[in-house]
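If you want the building blocks of each chain, they are given just below.
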Amino acid sequence: MKRVLSVASEAVPLVKTGGLADVVGALPEALIGQGWDMRVMIPAYRGVLDRLAGTTEVWSDSDLFGGPARLHLGTVGAMTVMALEAPHLYDRAGGPYSDLHGDFGDNAERFAALCWAAAAVAREGAGDWHPDVLHAHDWQGALAPAYLRYSGASLPSLVTIHNMAFQGRVGAEKIGALRLPHEAFHRDGYEFWGDISTLKAGLTTADAITTVSPRYAEELMRGEYGQGLEGVIAARAGVVIGILNGIDEGVWNPGTDPDCEPFSAASLSAKSRNRKALQAEFDLDKKIGGPLVILVSRLTAQKGIDLLPAAVEELVTRDGALAVLGSGDAWAEDLVRGLAARFPGRVGVKIGYDEGLSHRMFAGGDAVLVPSRFEPCGLTQLYGLRYGCLPLVSAVGGLADTVIGATPASLAAQAATGVVFHPVDALALRQAMRRLCDLHADRKTWTGMMKRAMKSDLGWTASAARYAALYERLLAQ
Ligand code: ADP
Ligand code: GLC
């Protein structure tokens, strides 16, 4: 088997703050079927090493950005992991990027260290394992191809952009601390408006750039979505590819999900019992004639949370209800709490992060709301499709690529799987919510859409084949 080293800051089931972790965690198993052996390098945050089985040390460094580091090879489930132990950087309370006081001040160094180690393994191998390709994710992994290139090594590399909004931007005074070469500090290198951008370092040095949907790949060339790096993407357009994310069908399967009463497109009866349980869990009214809509999300500007009041007013007028699970920016948490106070029995809110509850929500919900301003791929609309919890989404990025909006034509063609709105504003969302309620009231049409959504192809097979083909192409060059 050929070998690919994946470098990222999160991977399910070890550490997750968003969809990045789902994708990094699912790719290795998906790629086995394509003849690729993928190992995932992530930091050994506190507790990670305890969760790995059969660990052995495969690489070490006496001074990795200010302290000793050891790389441990081990497994968790079907994934082979290389966990980078460097207590001075990773052994901390809190999440991967922050604690109660906010973001860690040395995040640039922490992920540069990860990339430095990854570049070393890419060059020299770890034990008897020598990768053929290096695959880096987001700004946290993007320095790996850069270090590789700056050191003159020729191993093929790619960077996957999961979210262009995060660019790893830090002041130029860190050039030395991040072990970056001064001669690449210019506009065609890693310099970005006088600062360092670790994402740009990767985008300008990797052999290929992928992002997580075809539509987002196009959007990234435009100022609105490119966030200042649209020129870099456009200049490298020939090597930019959009490859859609899949879902881990072992974890997201309504037929086997331990968090709900099982159901399937052929046997939907348990869905209504899951719905009842969800109403109770969120303290919603017992009788809700309209759709029970869910929202499972980081509560940030990206996710269009500011548009919720318009959607909710419409939904409640139509005898529907909304259940929200999320956490994030204070203004957005306040906004959803305010909606719950304004519409008791009709809006239920849980602030926090709860994987099991998210499964129960997809299982019990009629529709999942994803009104993002931009969305590189999005996974919750895919989970919604799989669980017959029809997506109501804005027409951006991966949302536009994965949901077929109900129109007279798509309904007649028996193709519709959700409701899609555009432009991303309150008026269009309000109208879309009205449309969703009308569709929900038409039981025959709604059930048809549910069954179609549940049967759509959402797994990793097709996309893993595209990654494998890309790796092969890079190797052949
Ligand atoms: P992003 O990565 O931008 O946050 P995605 O839709 O790609 O968006 O992925 C989000 C992932 O995080 C999904 O797996 C979603 O179910 C999960 N998620 C988000 N917020 C929560 C939460 N509060 N509790 C449980 N899971 C959550
Ligand atoms: C990012 C994006 C999201 C995508 C995920 C996984 O967090 O915001 O759209 O699904 O990465 O690729």
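For the structure itself, look to the data block above.
Owing to the predicted nature of the structure, the values given are computational and were not obtained by experimental measurement. Every chain's residues receive numbers from 1 upward, in the order its sequence appears when written. Key to labels: chains lettered from A, ligands numbered from 1, both in the order written. Local features in a predicted model are, by the rule used here, given only for residues with pLDDT of at least 70; side-chain atom pairs are given and counted only at 80 or more, and totals for whole chains, interfaces and linings are based on all residues. Think of the side-chain values as coming from all heavy atoms in the structure, minus any hydrogens and water.

A few words on helix H11 (residues 308-317). For the exposure calls, accessible area comes from a 1.4 Å probe over protein chains only, and a residue counts as buried if that area is under 20% of its type's maximum, exposed if over 50%, partly exposed in between. Each helix is a run of H or I in the DSSP string that is no shorter than four residues. Each strand is a run of E no shorter than two, and both are numbered from the N terminus. Regarding H11, the residues found buried are Leu-308, Ala-310, Ala-311, Val-312, Glu-314 and Leu-315. In what follows, a contact means two residues having at least one pair of non-hydrogen atoms within 4.5 Å. Contacts made by the buried residues of H11 are with strand S15 (292-299), strand S16 (321-328), helix H12 (330-342), strand S17 (347-351), strand S18 (367-370) and helix H17 (426-441). Immediately beyond the C-terminal end of H11, within one or two residues, lies Asp-319, with a positive phi of roughly 65°.

Time to look at the site of ligand 1. Whether a residue is near a molecule or strand depends on its heavy atoms: if one lies within 4 Å, it is near. Among the 21 residues in the neighbourhood of ligand 1, the closest are listed as Lys-16, Gly-19, Arg-298, Lys-303 and Gly-352. Polar contact is defined as a pair of N or O atoms within 3.5 Å, subject to the rule that within protein one atom must be able to donate a hydrogen and the other to accept it, and that residues adjacent in sequence are counted only when both atoms are side-chain atoms. In the model, an oxygen atom of ligand 1 is placed 3.0 Å from a nitrogen or oxygen of the Asp-22 side chain. In isolation ligand 1 has 560 Å² of accessible area, and contact with the protein removes 93% of it. Each cavity reported here is a set of points on a 1 Å grid over the protein atoms alone in which a 1.4 Å probe fits but cannot get out, each pocket an open set with protein on both sides within 12 Å along at least five of seven lines, and each lining residue one with an atom within 4 Å of a point. What decides whether a molecule sits in a cavity or pocket is whether more than half of its atoms lie within 2 Å of the grid points. Of the pockets mapped on this structure, ligand 1 occupies the largest pocket. Counting residues per element, the ones that place at least two in the shell around ligand 1 are helix H1 (19-32), S15, S16, helix H13 (355-364) and helix H14 (380-386). With 3 residues, S15 is the single largest residue contributor to the shell around ligand 1. Think of it as three bins: nonpolar holds Ala, Val, Leu, Ile, Met, Phe, Trp, Tyr, Cys and Pro, charged holds Asp, Glu, Lys and Arg, and polar takes everything else, Gly as well. Across the shell around ligand 1, the residue classes break down as 5 nonpolar, 9 polar and 7 charged. Computed with a 1.4 Å probe, the accessible areas rest on the Shrake-Rupley method; for each residue, only the protein chains presented here act as cover.

Okay, the layout of surface pockets next. Grid points are joined across faces, edges and corners, and a volume is the space filled by probe spheres set on the points. By volume, the largest pocket is sized at about 1400 Å³. Considering the residues around the largest pocket, the lining is formed by 50 residues, among which Thr-17, Gly-18, Gly-19, Arg-298 and Lys-303 are closest to the centre. Put simply, the parts of the chain that give the lining of the largest pocket at least two residues each are H1, helix H4 (138-141), S15, S16, H13, S18 and H14. Per-class residue counts for the lining of the largest pocket are 20 nonpolar, 19 polar and 11 charged. Each domain's extent was defined by an automatic or database domain assignment. Composition of the lining of the largest pocket by domain shows at least three residues from each of domain 1 (2-246 + 460-476) and domain 2 (269-454).

Near ligand 2 lie 13 residues; those nearest to it are His-162, Asn-245, Glu-375, Cys-377 and Gly-378. Asn-163 places a side-chain nitrogen or oxygen 3.5 Å from an oxygen atom of ligand 2. At 3.0 Å from an oxygen atom of ligand 2 is found a main-chain nitrogen or oxygen belonging to Cys-377. For ligand 2, whose unbound accessible area comes to 300 Å², protein coverage reaches 93%. In a pocket analysis with a 2 Å cut-off to the grid points, ligand 2 is assigned to the largest pocket.

This part takes up the sheet that holds strand S8 (residues 133-137). Should DSSP find at least two bridges between two strands, the strands are taken to pair. If you walk across this open sheet you meet the 9 strands as S3-S4-S5-S2-S1-S8-S9-S13-S14, and the pairing is mixed. Edge positions in the open sheet fall to strand S3 (53-61) and strand S14 (240-242), since each of these has one partner strand only. Pairwise comparison of adjacent strand axes, ignoring direction, gives a mean angle of 25° for this sheet. As judged from the 6 bridges shared by strand S1 (residues 2-7) and strand S2 (residues 36-43), these two strands associate in the parallel manner. Of the residues in S2, the one forming a bridge with Ser-6 is Val-40. Along the sheet face, helix H3 (residues 107-124) touches S1, S2, S3, strand S4 (69-76) and strand S5 (79-85) and points at about 150° away from the line of S2. Angular values range over 0 to 180 degrees, each being the angle between N-to-C directions of two axes fitted as lines to C-alpha atoms, with helices fitted over their stretch in contact.

With that out of the way, let us pick up the pattern of salt bridges. By convention in these notes, a salt bridge is any Lys or Arg side-chain nitrogen within 4 Å of a carboxyl oxygen on Asp or Glu. All told, the structure shown has 25 salt bridges when counted by the stated rule. Asp-22 serves as the salt-bridge partner of Lys-16, at 3.0 Å between the closest nitrogen and oxygen. With relative accessibility at 23%, the residue Lys-16 sits in the partly exposed group. With its nearest N and O atoms 2.4 Å apart, the salt bridge here joins Asp-306 to Arg-373. Of this pair, Asp-306 sits in the loop between S15 and H11 while Arg-373 sits in the loop between S18 and H14; the two residues are 67 residues apart in sequence, bridging distant segments of the chain.

Relative to the assigned elements, Met-38 resides in strand S2. Overall, the relative accessible area of 3% leaves Met-38 in the buried class. In this structure, the C-alpha to C-alpha distance between Met-38 and Gly-246, residues 208 residues apart in sequence, is 17 Å. Once you skip the residues sitting within four places of it in the chain, Met-38 turns out to touch Val-4, Ser-6, Leu-27, Pro-28, Leu-31, Thr-80, His-135 and Tyr-471.

Turning next to unusual backbone geometry. Cis peptide bonds are those with omega within 30 degrees of zero, and the linkage from Val-12 to Pro-13 qualifies with 10°. Among the secondary structure elements, Pro-13 is positioned in the loop between S1 and H1. Cis rather than trans, the peptide bond between His-422 and Pro-423 has omega equal to -5°. Considering the arrangement of structural elements, one finds Pro-423 in the loop between strand S20 (419-421) and H17. Although it is not a glycine, Trp-193 sits at a positive phi angle of roughly 50°. You can see Trp-193 is positioned in the loop between strand S11 (191-192) and strand S12 (195-197).

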